[in-house]
Amino acid sequence: MPVLGTGIFPSGAVGNELTAVTRRAFIPKLVVQLYKSSPLLSAMIANAQMASGGAGPITAPVQGSAMTTMAWSGYSGTFAQQSTQTGIQNAEFNLKLAITPVYFLGMEGIIQVDAAVIPLIEARMNDAGNSMKDGISTALWGNDNTANSQPLFGLPAVTASTQSYGNIGPATNTWWVPYTKAAGTVAPTRALLLENITGLVNFSGGEMPNFGVTSPATWVKLAEDFAALEQYQVNEASAYGDNPNGARALFTALMVAGVPIYMDTYGTDGTVYLINTNYISLYIHEAGAFVFTGFESLIPNQQLGYVGALLAILELVCVKRKTQAKITGYTSVTF
C-alpha cells in the first residue's frame, strides 16, 4: 500500500482510486540490510587448503619433543650411546558441515513467471550464500568448542590454553599451548601491542604473526593512540586543496612492528587476536566447497515444489598453536 497524502500523491478516495489503477515504480534491486563483512573470513578463505574423505580427514603429524640429543665432544670425537627418542604424534580434526536449505514452491513460480520484480528464488539463492558466510564468521569468533559442538572451531578454540585441541591435550603437552595474556582493563596502545607481538615472537620461538584482528570499537581505541601523532606535510607552493582527494587522515590498517591490525565487525570487544597464517587455515572438502546440490522435487512429501541445499564441509585447523595469540582485557570506545 503506497503512502497517501504525501508529496504529489493525494489522500482519500482520489488516492485510493489512483492506487487501484496505477502500477508501482519498483526499484528492481533487493537491498540487503542484515549481513556484515568479515575480513577474518576473507583471509581464511584466501589461505584455504583442500581436504578429502577418510576417518580423521585432517591429520597433521606434529613434533612436540626432541628426537635426538646433542652432546659436546673433544679431540677423540667420542659420544655417549643414546636411546631412541620419540617426539611425533598426530593432531586430528574432523570436518564440520554447514548447510543452508533453499525452497522453491510450485505456485510461487506460477505467480512470479513473467511478472517478478525480484525473483524470490534468486533472492533466496543470494541469501543462502550470505547466511552461510554469517554463520561461519560467527563460529570463527565465537566457538570455543567447550561442548564439542557441531560448528567449526573458532579462534577461541584455537587459543584455549587449557583445552584439548586436535585430540591433543595441552596439560601434558606444554608445546601445544597458545600465547594468551590478560591486558588488565587498559586502553590498547602501540606500546602495549608491541609488547604483545614481541611476547608472541618470544613464546613461539621467533615466529612473527602476519596480522592482528579485533572489533571496530577496540580498533578505534587503538587508533586514538596513532591519531595524536599524525602530521600533515604541506609544501611551500601547495595546499590541501591541490589534492583532489583532500588530506589523508589515518588508514584502514594500523601497523605495529610491521604487523597490520584490522577490524572485523564480528569481533569481540576488548580482545585482539594475533594470527600467523603459516600454521592456520580453513580446510575445505573438495566435494563440499560451497556447492549447491541442485533442486529435488517435494512430490514425495506430498507438496508441489522443490528444495535444494548449499553445502560447506570445512574446519579451521591450526597445526602450531604457540604461533597464535589471544590478548584480552583491552578497553573499547562506545559507538
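Use the structure listed above.
Quick caveat: nothing in here was measured; it's all calculated off a predicted structure.

Peer 1: Any chance you could explain the pairing of strand β13 (residues 305-318) here in plain terms?
Peer 2: Remember that side chains alternate between the two faces of the sheet whenever the strand is regular. Of all 14 residues in β13, 11 are buried, a share of seventy percent or more. Pairing of strand β4 (residues 96-105) with β13, which is carried by 10 bridges, proceeds in the antiparallel orientation. Bridge assignment links F104 to a residue of β13, and that residue is Y306. As judged from the 5 bridges shared by strand β10 (residues 280-285) and β13, these two strands associate in the antiparallel manner. Along β13, the bridge assignment pairs S281 with V317. Direction of pairing for strand β12 (residues 296-297) relative to β13: antiparallel, over a ladder of 2 bridges. Looking across to β13, one finds that S297 is bridged to Y306.

Peer 1: Would you take a moment to explain the nonpolar core for this structure?
Peer 2: The tendency in soluble globular proteins is for nonpolar side chains to be buried side by side. Within the largest apolar cluster, 40 residues are counted, with the highest numbers of intra-cluster contacts made by L152, L282 and L316. With sequence-adjacent residues up to four places away left out, L316 is seen in contact with M44, L140, L152, F153, G154, L155, V158, Y165, I280, S281 and L282. Grouped together as the second largest cluster of nonpolar side chains are 17 residues, L193, I197, L222 and V272 included.

Peer 1: Just checking my understanding: could you explain helix α7 (residues 216-227) for this structure?
Peer 2: Helical geometry: 3.6 residues make up each α-helical turn, so side chains three or four residues apart lie on a common side. Given a rise of 1.5 Å per residue, 12 residues ought to cover 16 Å, and the 16 Å separating the end C-alpha atoms of α7 matches this to within 8%. Here α7 has its buried residues at P216, A217, T218, W219, L222, A223 and F226. Elements in contact with the buried residues of α7: α6 (190-204), β6 (211-214), β7 (254-256), β8 (259-263), β9 (272-275) and β14 (325-330).

Reading the values: the criteria
Residues numbered from 1 in each chain as written. Predicted model: local features only at pLDDT ≥ 70, side-chain atom pairs only at ≥ 80, totals over all residues. Heavy atoms only, no water. Buried < 20%, exposed > 50% of the residue type's maximum accessible area, 1.4 Å probe, protein only. Helix = DSSP H or I, 4+ residues; strand = E, 2+ residues; numbered from the N terminus. Pairing = 2+ DSSP bridges. Core = buried A, V, L, I, M, F, W, Y, C linked by side-chain atoms within 4.5 Å. Contact = heavy atoms within 4.5 Å. Expected span 1.5 Å × (residues − 1).

Nothing here speaks to function; it is all geometry.
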